[in-house]
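# Results of the structural survey
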Amino acid sequence: MTATAKKWISWLVKAGILVLTFTFIFRRLSNNEGLQHFQELITQVGRVHAVAVIAFIVVLMVFNYLLEAMKWQYLTHKWAPITLWQAIESVFCGLSLAIFTPNRWGEFGGRVMFLPSRRRVHGVFAMAVGTFGQLVVTSVVGSASLLWFIYYFLGINQWLYIGFLTTGIGFMLLMLIFYFNVRWVVFLLNSIPFLKKYHRFFDVMKRYRFKELLHIMGYCVFRFATYSFQYYLIMHLLLPEIPMFKIMLLTFVFFFIQSVLPTIDIVDIGVRSATADKLFEYVTQQHIAVIASVALIWFTNIIVPAILGSVFVFKLKIFDNNL
């Protein structure tokens with residue numbers, strides 16, 4: 001393939017990504033009831049107060065993805081060292097691709113395309129370690145919160161609850177054990193006959209030692225705390241009568257449920273809203289306020305970064321034969 005042909009194909013792919021990204025964003029924002037409800041509700045709580053809270057939520061969004069970029073930089077330092085700015089570019093570019101792909105798979109492609117061509121597959125498995133770490137944090141905190149939720153709100157039989165408690169604790173321990181012994185996962189993958197030929201890529205994951213995995217887990221915990229606090233701020237703004245601990249615990253359950261639901265970011269708002277509304281109806285009947293809160297965080301954490309990331313789509317290395 002000639003250099004000119006590669007250049008044209010590269011530009012067409014990038015243009016296609018941008019068209020898909022902005023088409024999905026426009027279609028979802030053109031009639032978003034949650035955001036419309038939020039605009040109506042802020043007039044009741046005071047515009048100045050609301051603007052201050054929203055501004056802080058945006059700052060937390062930036063901090064959240066800065067942490068993610070630092071984690072990504074740390075994950076790749078073994079295979080293809082990149083600068084923090086390159087990590088930021090790749091993270092935001094990945095968010096633009098994630099918005100129209102199932103289960104955010106496009107995020108993997110958006111990131112690894114910033115790596116040298118011979119290290120892109122390594123990057124996929126390095127990112128898998130970071131994604132697994134984030135899932136472990138969400139699952140452990142979410143499971144503990146779910147056990148609280150079942151005990152506090154559902155009032156089930158004592159022996160049944162003991163069964164849930166035992167299962168929940170076992171699940172949390174297994175998640176932590178598998179994360180800090182990720183080589184076991186690699187062993188399982190290598191034991192599958194048709195996957196054995198890819199063992200050199202799977203081995204990427206097992207080269208992260210305990211200290212490195214703990215470092216990665218630290219980023220995951222700080223990210224979890226950051227976007228959890230975002231939810232608390234907006235919920236407290238619109239629903240100040242709900243105690244902080246109930247907001248946080250229900251939010252943790254919400255994150256846990258969201259983590260196991262397959263969806264696409266851009267249509268995820270409907271799933272998020274329905275899930276949050278069902279959970280928070282145990283503490284409030286202000287359904288519109290709950291939906292509006294979820295819509296604002298969705299817009300701040302998904303839509304805004306995807307728009308920002310579109311700038312970096314032009315820097316994707318579709319062809320990188322020289323590296």
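Residues numbered from 1 in each chain as written. Predicted model: local features only at pLDDT ≥ 70, side-chain atom pairs only at ≥ 80, totals over all residues. Heavy atoms only, no water.

### Considering the environment of Glu 89
By the secondary structure assignment, Glu 89 is in helix 4 (residues 84–98). Sequence spacing of Glu 89 and Arg 111 is 22 residues, and the spatial spacing of their C-alpha atoms is 8.3 Å. In this structure Glu 89 touches Phe 114, Phe 312 and Lys 315, once residues within four positions along its chain are discounted. (Helix = DSSP H or I, 4+ residues; strand = E, 2+ residues; numbered from the N terminus. Contact = heavy atoms within 4.5 Å.)

### What about helix 4?
Along an α-helix, residues three or four positions apart point the same way, because every turn accommodates 3.6 residues. Given a rise of 1.5 Å per residue, 15 residues ought to cover 21 Å, and the 21 Å separating the end C-alpha atoms of helix 4 matches this to within 8%. If you check which residues of helix 4 are buried, you get Ala 87, Ile 88, Glu 89, Ser 90, Val 91, Phe 92, Cys 93, Gly 94, Leu 95, Ser 96, Leu 97 and Ala 98. (Expected span 1.5 Å × (residues − 1). Buried < 20%, exposed > 50% of the residue type's maximum accessible area, 1.4 Å probe, protein only.)

### A look at the packing of helix 10 (residues 210–238) against helix 11 (residues 244–259)
Any two packed helices are characterised by the angle at which their axes cross and by the distance between the axes. In the contact formed by helix 10 and helix 11, the axes pass within 10 Å of each other and the chain directions differ by 125 degrees. Accordingly, the angle class assigned to the pair helix 10 and helix 11 is oblique. Once helix 10 is placed against helix 11, the crossing between them reads as right-handed. Facing helix 10, whose interface residues are Phe 224, Tyr 227, Ser 228, Phe 229, Tyr 231, Tyr 232, Met 235 and His 236, helix 11 presents Met 244, Ile 247, Met 248, Thr 251, Phe 252, Phe 254 and Phe 255. When the residues that make up the contact of helix 10 with helix 11 are grouped by side-chain class, the tally is twelve nonpolar, three polar and no charged. (Axes fitted to C-alpha atoms, helices over the stretch in contact; angles between N-to-C directions. Parallel < 35°, antiparallel > 145°, perpendicular 65-115°, else oblique. Left-handed = near helix turned anticlockwise from the far one by under 90°. Nonpolar A, V, L, I, M, F, W, Y, C, P; charged D, E, K, R; others polar.)

### As for a nonpolar patch on the surface
On the surface, Leu 165, Ile 169, Leu 173, Ile 177 and Trp 184 cluster together into a nonpolar patch covering about 420 Å² of accessible area. A total of four residues in the nonpolar patch trace back to one element, the largest contributor, which is helix 7 (residues 158–180). By secondary structure assignment, the location of Ile 169 is in helix 7. (Patch = residues over 30% accessible without salt bridge, like charges linked within 9 Å, V, L, I, M, F, W, Y side chains within 5 Å. Areas by Shrake-Rupley, 256 points an atom, 1.4 Å probe, with all protein chains shown as cover. Salt bridge = Lys/Arg side-chain N within 4 Å of Asp/Glu carboxyl O.)

### Digging into the packing of aromatic side chains
All chains considered together, the criterion is met by 23 aromatic pairs. Ring plane angle 15 degrees and centroid distance 6.0 Å describe the contact between Phe 229 and Tyr 232, whose orientation is recorded as stacked. With Phe 229 and Tyr 232 both in helix 10, this residue pair falls three residues apart, about one helical turn. Accessibility expressed as a relative area gives 30% for Phe 229, which makes it partly exposed. Taken together, the ring pairs connect Trp 148, Phe 149, Tyr 152, Phe 153, Phe 245 and Tyr 282 into an aromatic cluster. Positioned above the aromatic ring of Tyr 208 is the side chain of Lys 78, whose terminal nitrogen or guanidinium carbon lies 6.0 Å from the ring centre. Just above the ring of Trp 72 sits the side chain of Arg 111; from NZ or CZ to the centre is 5.5 Å. (Phe/Tyr/Trp six-rings, centres within 6.5 Å; stacked < 30°, edge-to-face > 60°. Lys NZ or Arg CZ within 6 Å of the ring centre and 35° of its normal.)

### So, a positive patch on the surface
A surface patch of like charges, here positive, comprises Arg 118, Arg 119, Arg 183, Arg 207 and Arg 209. By secondary structure assignment, the location of Arg 209 is in the loop between helix 9 (199–206) and helix 10. Classification of Arg 209 by relative accessible area gives exposed; the value is 56%. (Lys, Arg positive; Asp, Glu negative; His and termini not counted. Charge placed at Lys NZ, Arg CZ, Asp CG, Glu CD.)

### As for the nonpolar core
Nonpolar side chains tend to gather and get buried jointly when the protein is soluble and globular. Counting 93 residues, the largest nonpolar core has Trp 72, Tyr 208 and Ile 216 as its most contacted members. Looking at this core element by element, the count peaks at 14 residues for helix 10. (Core = buried A, V, L, I, M, F, W, Y, C linked by side-chain atoms within 4.5 Å.)

### Quick word on the pattern of salt bridges
Enumeration according to the criterion identifies six salt bridges in this entry. With a shortest N-O distance of 2.7 Å, Arg 111 and Glu 68 are connected by a salt bridge. Of the two residues, Arg 111 sits in helix 5 (residues 105–112) while Glu 68 sits in helix 3 (residues 47–76), which places them 43 residues apart along the sequence. Taking relative accessible area as the criterion, Glu 68 reaches 6% and is therefore assigned buried. One salt bridge connects Lys 78 with Glu 212, and the closest N-O pair in it is separated by 3.3 Å. Of the two residues, Lys 78 is situated in the loop between helix 3 and helix 4 and Glu 212 in helix 10; the sequence distance between them amounts to 134 residues. On the basis of relative accessible area, Glu 212 is assigned to the buried category, the value being 13%. A single salt-bridge network, built from bridges that share partners, covers Glu 68, Lys 71, Glu 107, Arg 111 and Arg 223.

### Notes on helix 7
For helix 7, built from 23 residues, the straight-helix expectation of 33 Å at 1.5 Å per residue is met to within 8% by its first-to-last C-alpha distance of 33 Å. Tucked inside the fold, the buried residues of helix 7 contact helix 6 (120–154), helix 8 (182–190) and helix 10. For helix 7, the N-terminal cap is Asn 157; the gap from its side-chain oxygen to the backbone nitrogen of Trp 159 is 2.8 Å. (Polar contact = N/O pair within 3.5 Å; in protein donor to acceptor, adjacent residues only side chain to side chain.)

### Quick look at the side chain of Thr 275
Secondary-structure assignment places Thr 275 in helix 12 (residues 268–280). For Thr 275, a relative accessible area of 14% puts it in the buried group. Apart from the residues within four sequence positions on either side, Thr 275 is in contact with Phe 254, Ile 257, Gln 258 and Leu 261.

### Thoughts on the packing of helix 4 against helix 13 (residues 287–313)
The N-to-C vectors of helix 4 and helix 13 enclose an angle of 115 degrees; their axes lie 7 Å apart at closest approach. Pair helix 4 / helix 13 crosses with left-handed handedness. Only Pro 305, Ala 306, Leu 308, Gly 309, Ser 310, Phe 312 and Val 313 of helix 13 make contact with helix 4, whose side of the interface consists of Trp 85, Glu 89, Phe 92, Cys 93, Leu 95, Ser 96 and Leu 97.

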